[in-house]
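Chain residues, written in single-letter form:
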Amino acid sequence: MSHTTLGSRQAQKQKTRQALLDAALELLEEQSLSSLGLREVTRAVGVAPTAFYRHFDSIADLGTALVEEAVGSLHAVVSELLTATWDSDERIARTVGLIAAHVRAHPAHVRFIARERHGGVQRVREAIAAQFGQFAEEVREALRRDPESAGWSEEDLLMLAGLYVDHMMMAAAAFLTTPPADFPGAATLAERQLRLVSLGRRHWLDAS
């Protein structure tokens, strides 16, 4: 068998796999992963149900692949935020703007993560938790380099990083359900929430 034939088959296999992921993501706009059937997905793509197992072991396996895809796009937002100045009004406005832009660009990914983060498929919940844990570690590393973090314990830095990550997801979920005309109000609320976290950060060591 020629390399060209092998390459064509591999390309077709990858195309079918991506089609299954895309179809599942579209179907999940109206339902949770725990209620999704593989026959629904294969019917949407136009392949036999048995073809599903050439790409995924189960719906949970497909779900973890969707997590990687969805979080991959979200990771670019986190990386961009880590270059900003912590606790400044500029950073807060930039953070909220980036989150809103991400929701507009990837609404299906945001909806999937927001719903399945506490959904009924344990393997997918664990995959999302692991990814968000990684985000929190990256944010902690950035916070550690900030002079304002002097005197903070590693545990408290991770707690603060987790608050920032949780707020990012909370704001994204809010934007997802906000009509475009109401975006300014939702953005203002998200900025105020971040300022509250920042105020608490400045006085955390005072309390201890």
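Since we're looking at a predicted model, the values are computed, not measured.

## What to know about the overall build of the protein
No. 1: The helix and strand inventory of the protein stands at 10 helices and 0 strands.
No. 2: For the protein, the succession of helices and strands along the chain, N to C, is α-α-α-α-α-α-α-α-α-α.
No. 3: Once the C-alpha set of the protein is aligned to its principal axes, its extents read approximately 70 × 40 × 30 Å.
No. 4: In the protein, which comprises 208 residues, the share counted as buried stands at 41%.
No. 5: Of all intrachain contacts in the protein linking residues separated by at least 6 positions in sequence, the fraction that spans at least 24 positions is 68%.
No. 6: When the accessible surface of the protein is split by element, carbon and sulfur atoms take 55% of a total near 11,100 Å².

## So, the packing of aromatic side chains
No. 1: On inspection of all chains with the given rule, the structure shows 5 aromatic pairs.
No. 2: An aromatic cluster of at least three residues, connected via ring pairs, comprises Phe52, Tyr53 and Phe56.
No. 3: Stacked on the ring of phenylalanine 132, the Lys or Arg arginine 117 has its end atom at 4.5 Å from the ring centre.

## Examining the side chain of histidine 167
No. 1: With respect to the secondary-structure elements, histidine 167 resides in helix α8 (residues 154-176).
No. 2: In terms of polar contacts, histidine 167 uses its side chain to reach the backbone carbonyl oxygen of alanine 190, at 3.2 Å.
No. 3: Every residue in contact with histidine 167, bar those within four places of it in the chain, is listed here: Ala190, Gln193 and Leu194.

Calculation notes
- Residues numbered from 1 in each chain as written.
- Predicted model: local features only at pLDDT ≥ 70, side-chain atom pairs only at ≥ 80, totals over all residues.
- Heavy atoms only, no water.
- Helix = DSSP H or I, 4+ residues; strand = E, 2+ residues; numbered from the N terminus.
- Buried < 20%, exposed > 50% of the residue type's maximum accessible area, 1.4 Å probe, protein only.
- Contact = heavy atoms within 4.5 Å.
- Areas by Shrake-Rupley, 256 points an atom, 1.4 Å probe, with all protein chains shown as cover.
- Phe/Tyr/Trp six-rings, centres within 6.5 Å; stacked < 30°, edge-to-face > 60°.
- Lys NZ or Arg CZ within 6 Å of the ring centre and 35° of its normal.
- Polar contact = N/O pair within 3.5 Å; in protein donor to acceptor, adjacent residues only side chain to side chain.

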